[in-house]
Amino acid sequence: MKIKIIPRTDETRAVDYAREIGMKFLDDGHTIWFEDGSCLNESFHSTPLDDADADIAVVIGGDGSVLHAVQSMKPQIPLVGINFGRVGFLADLESDEAYAFISQLKPDTVETESRMRVQISVDDRIYHGALNEAVIVTERPAKMLQFSVIVDGIPVEEFRSDGLIISTPTGSTAYAMSAGGPIVDPKINGFLLVPLAPFMLSSRPHLISSERNLSIQLDSDKPASLVIDGQYAGELHEKSLITVTESPEPALFINVNKNFFRKVDRKLRTL
């Protein structure tokens, strides 16, 4: 099996573990590559992260490492995360169980779970798909933004708030949850809108089917930024029209046979 290993390079424990598990996979007869710049190039073959010539990807780090890998891989390949972060909602395996699970996988029998991503376009410019969320935030602290939410061509809601989170169901356990949004089953395909510190208490989160046509207009003349999965994407201006669609290329997570809701409950209890 061809395995690409993507460690969190700023975490010594993650790099050391990547070297250790990489040697085990080599001894088992697998072909191993590491991401370029992972500090392990002298011991193993390395390729750019967007070179998807592998059967599976093993991401060693936290949720940020998984988001980085998903955003960089073209096309998507099945991945599994090994948690070396704080909570790791996207990293399903712990270090003491990862080798035993991965070593029994076979390329033609890997069971995957598709996770929808949102594709954001602003005034016809298309940005990378987001696995967790796209966030619109003000560039001026203490200045509110105003948004119009348009569903199937009809304005249905106005938000005045510090910002707006456009989340996937997968991202419902990330920034959206911190902002008061609900936990959403990742098997549901929909867009979760969560206003940040809304001016009106009646401004509540909305879960909108991905089968609907969703767009958001920025009605404020204050400068705002678009941030996708924690990475700055660009500036927005008054009357910018943000179109939200389901990305044609979902992320592919290897099924590790752990119940989503039990996993979330267990991880939340560690916070």
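Scope of this entry: the structure provided in the associated data block. The shown structure was predicted, so the numbers you read here are calculated from the model rather than taken from an experiment.

### Describing the pairing of strand β11 (residues 154–161)
Step number 1: As defined by bridge partners, strand β10 (residues 145–151) adjoins β11 across seven bridges and the pair is classed as antiparallel. By the bridge assignment for β11, Q146 is matched with R160.
Step number 2: Remark: two residues form the turn of the hairpin made by β10 and β11, two consecutive strands paired antiparallel; D152 in that turn has positive phi of roughly 50°.

### Re helix α3 (residues 95–103)
Step number 1: Inspection of α3 places A98, F101 and I102 among the buried residues, and these make up the whole buried set. Buried residues of α3, seen end-on, are gathered within an arc of 90° and therefore sit on one face of the element. Facing away from the buried side of α3 by over 90 degrees, the exposed positions are D96 and A100.
Step number 2: Taken together, the buried residues of α3 touch α1 (12–27), β4 (56–61), β5 (79–83) and β19 (251–254).

### Considering the pattern of salt bridges
Step number 1: A complete count under the given rule lists eleven salt bridges for this structure.
Step number 2: Among the ionic pairs, R115 bridges to E113, the shortest N-O distance being 3.1 Å.
Step number 3: Its salt-bridge partner being R212, residue D152 comes within 2.7 Å of it at the nearest N-O pair. Of the two residues, D152 is situated in the loop between β10 and β11 and R212 in the loop between β14 (206–209) and β15 (214–218); the sequence distance between them amounts to 60 residues.
Step number 4: By relative accessible area, which is 43% here, R212 ends up partly exposed.

### Some details on the environment of R8
Step number 1: Along the polypeptide, R8 turns up in the loop between β1 (2–7) and α1.
Step number 2: Assessed through its relative accessible area of 29%, R8 is described here as partly exposed.
Step number 3: Note: C-alpha distance between R8 and H206 (198 residues apart in sequence) is 34 Å.

### What to know about the packing of aromatic side chains
The description of an aromatic ring pair rests on the distance of the ring centres and on the angle between the ring planes.
Step number 1: Following the criterion strictly, the structure yields three aromatic pairs and no others.
Step number 2: Ring centres of Y17 and F84 lie 5.2 Å apart, and the angle between their planes is 45°; this geometry places the pair in the tilted category. Of this pair, Y17 sits in helix α1 while F84 is found in the loop between β5 and α3, placing the two residues 67 residues apart along the sequence.
Step number 3: Here F84 falls in the buried class, since its relative accessible area comes to 8%.
Step number 4: Cation over ring: R115 sits above F253, and NZ or CZ is 5.3 Å from the ring centre.

### What about the nonpolar core?
Step number 1: Grouped together as the largest cluster of nonpolar side chains are 27 residues, with contacts concentrated most on I120, I136, I166, L226, I242 and V244.
Step number 2: For this core, the secondary-structure elements that each account for two or more residues are β7 (118–122), β9 (133–138), β10, β12 (163–167), β13 (190–196), β15, β16 (224–228) and β18 (241–246).
Step number 3: For this core, the element with the most residues is β10, which contributes four residues.
Step number 4: In contact with V244, other than residues within four places in its own chain, are V118, Q119, I120, I166, F191, L214 and I216.
Step number 5: The next biggest cluster of nonpolar side chains, apart from the first, holds 24 residues, and it includes M1, A14, Y17 and V58.

Thresholds, definitions, all that
Residues numbered from 1 in each chain as written. Predicted model: local features only at pLDDT ≥ 70, side-chain atom pairs only at ≥ 80, totals over all residues. Heavy atoms only, no water. Pairing = 2+ DSSP bridges. Helix = DSSP H or I, 4+ residues; strand = E, 2+ residues; numbered from the N terminus. Buried < 20%, exposed > 50% of the residue type's maximum accessible area, 1.4 Å probe, protein only. Arc of directions from axis to C-beta. Contact = heavy atoms within 4.5 Å. Salt bridge = Lys/Arg side-chain N within 4 Å of Asp/Glu carboxyl O. Phe/Tyr/Trp six-rings, centres within 6.5 Å; stacked < 30°, edge-to-face > 60°. Lys NZ or Arg CZ within 6 Å of the ring centre and 35° of its normal. Core = buried A, V, L, I, M, F, W, Y, C linked by side-chain atoms within 4.5 Å.

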